[in-house]
Amino acid sequence: MKRIFLPLLFAMMAIAALIVYQRTSQKNNELTATSSHSQKISLFHYFSGALSGGIDNMVETVNAKSPGYTVLANGLDHEAFKTMILSSLDRGNPPELFSYWAGERVRQLVLKNQLMEIDDLWERENLSAQFPPAIVESAVTYNGKKYLLPITQHIVVFFYNTQIFTAHGLSPPQSWPEFLAICAQLKSSGITPLAIGARERWPAQFWFDYLLLRTAGPDYRKLLMEGKQSYTDPQVMESFRIWSELLQNGYFNGNANQLDWDEATALVREGKAAMTLMGTWATQILEGQSPGLEAGKDYDFFPFPTVAENVPRVSVGPIDGIIISRASENHDFAKNVLAYFAGTEAQKLMSTGSGALAPNQTVSDNFYSPFKLRLKQEIEHSERWAFNFDLATPPEIADRAMDSFNELIEFPGQYLQILSDLQTEIAPSAEEGK
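Reference entry: report on the structure contained in this document. The written sequence of each chain sets the order in which its residues are numbered from 1. Predicted model: local features are reported for residues with pLDDT of at least 70 only, side-chain atom pairs are reported and counted for 80 or more only, and whole-chain, interface and lining totals are derived from all residues. Calculated side-chain values reflect all of the structure's heavy atoms, with hydrogen atoms and water omitted.

**What to know about the sheet that holds strand 9 (residues 273–279)**
Backbone-to-backbone hydrogen bonds join strands into a sheet, with any given pair of strands oriented parallel or antiparallel. Filter applied, for reference: At least two bridges found by DSSP between two strands is the condition for calling them paired. For the purposes of this entry, the term helix denotes a DSSP run of H or I that reaches at least four residues, the term strand denotes a run of E that reaches at least two, and both are numbered from the N terminus. Axis lines are fitted through C-alpha atoms, for helices just across the contact stretch, and the angle between N-to-C directions can take any value from 0 to 180 degrees. The contact definition used throughout considers only heavy atoms, calling two residues in contact when any of these lie within 4.5 Å.
One open sheet accounts for four strands, arranged 8-9-7-10; its pairing is mixed. Only two strands of the sheet have a single partner each, and these edge strands are strand 8 (192–195) and strand 10 (299–302). Taking the axes of each pair of neighbouring strands and ignoring which way they run, one obtains an average angle of 25 degrees across the sheet. Across five bridges, the pairing between strand 7 (residues 156–161) and strand 9 is antiparallel. Its bridge partner being in strand 9, Val 156 is matched across the sheet by Gly 279. Sheet strands in contact with helix 16 (residues 370–381) are strand 7 and strand 10, and its direction is about 10 degrees off that of strand 10.

Right, dumping it as C-alpha cells:
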C-alpha cells in the first residue's frame, strides 16, 4: 500500500521558515546594537493568517505598556513552525518566547532541558488562584515544575450549518443512531453530510479521538497513548471500523486528503456541506470570511454524540501556551511578558481574536457571547478532558499514526491492514518508550 507523505512540501516550508527566522534574528541584533534605549525579544508563534488577531492584539498592548522593551512577534504556518522551532532549539539559537501545544510536545522539550522554568513567576503573580487546577496539572506542570503559560483553551465539536438543518427538519443528534440517520438523510438529498480537510493530517485525528473515547473510554485511550496497548486491539479496530463505514457510505467530501481544515470549514460556511468536526478556531472561518455566518443563527454546534452507553463523557481539545526557551537571553523581561499574557485583559484579547475560551478563570461569564458561553459550559459539564491525539502521544508514534488516518480516508475498506501495518511500524518506538 502506498503511504501518503508530504516530505518535500514540509521541507520547503521549513527552509523558508528558517530563512525568515535567521533574517529576523539578524535584524533584531542590528536594532539592538543601534539603540541603547530599547531591548527586543522575539516571540515566534503559529497563529497566522485568519487566526492572528488575538496574539497580535496582545503583543501590541504589551509593547505599549513596556517602554524600553519591544516584543517582536513572528507568525508562521503551523507545519513550518513545527520544523523551525525544533531546529532552532537544537541549534541553540531559539527565540526567547514561542507558542506551543500543551501536553506531550512540551514534555519532550522539558526532557531535553530546552525550556525555562516559570515557578518564580507563578508564585509572584499568584497564578494558581487564576487558572483551574486541572489546567495547571495537565498543561502547565511537567516533572514537578511549571513551564507553560496557557493562553487558549479550545474544544472540538461539530459545527453545522443551521440553514441546511432547518431546511431538512433536522435537530442536533444526541445518540449515534440519530447521527447516522441525519447523515443518511442529507446524503439522499444530495448534500455532503460531513466535511473534512486532512491534507496536513492532524485535522483527521479528532475522528479517531472521539470514536475511541466514546467506545473504549478515556482510561483505555490513555494506555494506548502511553504505548501500553496495541493498535490491533479490538477497541481500536472498532473505532476504525465505525469511521470506515462512514467513509464507505459516502458521508464525507471526496477530496478530503487534498483540502486543509479551513477549506473544509468553508464548505460548511458556503452550504456545500452540513457539518465539520473541528476545534473552536473554526469560528474564525465561519464568521470572518465572506459570506460570514452569525453564531447561533446561521451556524451552531453540538458535542460528539454518545456511541456506547456507560462510557465517561470526555471533551477533546488543545491548550495553547507560551513558553521561554532556556538558550535565550532576556529571561526576566520574557517573564514579565508572560505575566501580562496571564492577566484578564490579555486573555480576553486572545479569546476574542482566536475564537478560544480563556484559560484564566477570572474572565467572567459576562465577557462571553451566549454562543461561547455554551461552549464553556460544554467543557464544564464534561466528566473528563483529553488533549487531542498528537498532543497526548509521543511524537514519533503520533507522526506515524496520523499517516494511517490519511490512509483510512483513502482506503477505508482496508482498515484492518492499515492498523496491522501501523502496529508493526511503531512497535520498536513503543517498546523504547516503556
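**Looking at the nonpolar core**
Put simply, the test is: Here, the term nonpolar core denotes a set of buried Ala, Val, Leu, Ile, Met, Phe, Trp, Tyr and Cys residues that are joined through side-chain atoms within 4.5 Å. Think of it in three bands: residues with accessible area under 20% of the maximum for their type are buried, residues over 50% are exposed, and the middle band is partly exposed, with areas taken using a 1.4 Å probe on protein chains only.
If you look at the biggest cluster of nonpolar residues, it comprises 84 residues, and the most contacted ones within it are Trp 207, Phe 208, Tyr 231, Trp 243 and Met 275. With sequence-adjacent residues up to four places away left out, Trp 207 is seen in contact with Phe 158, Trp 176, Phe 179, Leu 194, Ile 196, Trp 243, Leu 246, Phe 252, Leu 277 and Phe 304. Grouped together as the second largest cluster of nonpolar side chains are 55 residues, Leu 89, Leu 121, Leu 149 and Tyr 340 included.

**Considering the sheet that holds strand 1 (residues 39–45)**
Strand order in this open sheet of five strands is 2-1-3-12-6, and the pairing throughout is mixed. Looking at strand neighbours, the two that pair on one side only are strand 2 (69–75) and strand 6 (149–153), the edges of this open sheet. Averaged over neighbouring strand pairs, the angle between their axes works out to 25 degrees when direction is ignored. Sheet topology places strand 6 next to strand 12 (residues 319–324); four bridges connect them, and they run antiparallel. Following the sheet pairing, Gln 153 is matched in strand 12 by Ile 319. Sheet strands touched by helix 4 (residues 104–111): strand 3 (97–101) and strand 12. Its angle to strand 3, the strand with the most contacts, is close to 130 degrees.

**Description of the pattern of salt bridges**
Test applied: Any carboxyl oxygen of Asp or Glu within 4 Å of a side-chain nitrogen of Lys or Arg constitutes a salt bridge here.
All chains considered together, the criterion is met by 26 salt bridges. For the salt bridge of Lys 335 with Asp 120, the shortest nitrogen-to-oxygen distance reads 2.8 Å. With Lys 335 in helix 14 (residues 331–342) and Asp 120 in helix 5 (residues 119–124), this pair connects stretches of sequence that are 215 residues apart. Classification of Asp 120 as partly exposed rests on a relative accessible area of 46%. Here Arg 199 and Asp 260 are joined by a salt bridge, their closest N and O atoms 3.7 Å apart. Of this pair, Arg 199 sits in the loop between strand 8 and helix 9 (205–215) while Asp 260 sits in the loop between helix 11 (234–248) and helix 12 (261–269), and the two are 61 residues apart along the sequence. Residue Asp 260 is classed as buried on the basis of its relative accessible area, which comes to 12%. The network of salt bridges with shared partners includes Arg 199, Glu 200, Asp 260 and Glu 263.

**Looking at the packing of helix 14 against helix 15 (residues 344–354)**
Our working definition: Oblique is the label for every angle not falling under 35 degrees (roughly parallel), over 145 degrees (roughly antiparallel), or within 65 to 115 degrees (roughly perpendicular). When residue character is reported, Ala, Val, Leu, Ile, Met, Phe, Trp, Tyr, Cys and Pro are called nonpolar, Asp, Glu, Lys and Arg charged, and the others, Gly included, polar.
At a minimum axis separation of 5 Å, helix 14 and helix 15 run at an interaxial angle of 70 degrees. In terms of orientation, helix 14 lies roughly perpendicular with respect to helix 15. Packed against helix 14, whose contacting residues are Tyr 340, Phe 341 and Ala 342, the element helix 15 presents Thr 344, Glu 345, Ala 346, Gln 347 and Leu 349 at the interface. Grouping the amino acids of the contact of helix 14 with helix 15 by side-chain chemistry returns five nonpolar, two polar and one charged.

**Quick notes on the environment of Ser 99**
Along the polypeptide, Ser 99 turns up in strand 3. Judged by relative accessible area, which is 0%, Ser 99 ranks as buried. Ser 99 sits 52 residues away from Ile 151 along the chain, and the two C-alpha atoms are 9.2 Å apart.

**Regarding helix 2 (residues 53–64)**
We count it as follows: In this scheme, a helix's expected span is set at 1.5 Å multiplied by one less than its residue total. To be clear, the arc concerns the directions from the helix axis to the C-beta atoms.
For helix 2, with 12 residues, the first-to-last C-alpha span of 17 Å sits near the 16 Å given by 1.5 Å per residue. Within helix 2, burial applies to Gly 54, Ile 55, Met 58, Val 59, Thr 61 and Val 62. The arc that holds the buried residues of helix 2, viewed along the axis, is 165 degrees, so those residues lie on one side. In helix 2, the exposed positions that point more than 90 degrees away from the buried face belong to Glu 60 and Ala 64. Tucked inside the fold, the buried residues of helix 2 contact strand 1, strand 2, strand 6, strand 12, helix 14 and helix 15.

**Topic: the environment of Leu 338**
The residue Leu 338 is located in helix 14 in this model. Residues Leu 338 and Trp 122, spaced 216 residues apart in sequence, show a C-alpha to C-alpha distance of 9.8 Å. Once residues lying within four places of it in the same chain are set aside, the contact partners of Leu 338 are Leu 97, Ile 118, Leu 121, Leu 149, Ile 322 and Ile 324.

**A closer look at the side chain of Lys 335**
Judged by relative accessible area, which is 10%, Lys 335 ranks as buried. Apart from the residues lying within four places of it in its own chain, the contact partners of Lys 335 are Met 116, Glu 117, Asp 120, Leu 121, Arg 124 and Ile 324.

**Some words on the packing of helix 9 against helix 10 (residues 218–225)**
Going by this rule: Note on convention: near helix rotated counterclockwise from far helix by under a right angle means a left-handed crossing. Clockwise means right-handed.
Taken N-terminus to C-terminus, the directions of helix 9 and helix 10 make an angle of 130 degrees; their axes are 7 Å apart at the nearest point. One element, helix 9, and the other, helix 10, form an angle in the oblique class. Every pair of crossing elements has a handedness; the one defined by helix 9 and helix 10 is right-handed. Residues Phe 208, Asp 209, Leu 212 and Leu 213 of helix 9 touch helix 10, and the partners they reach there are Pro 218, Tyr 220, Arg 221 and Leu 224. Along the lines of polarity and charge, the residues of the contact of helix 9 with helix 10 split into six nonpolar, no polar and two charged.

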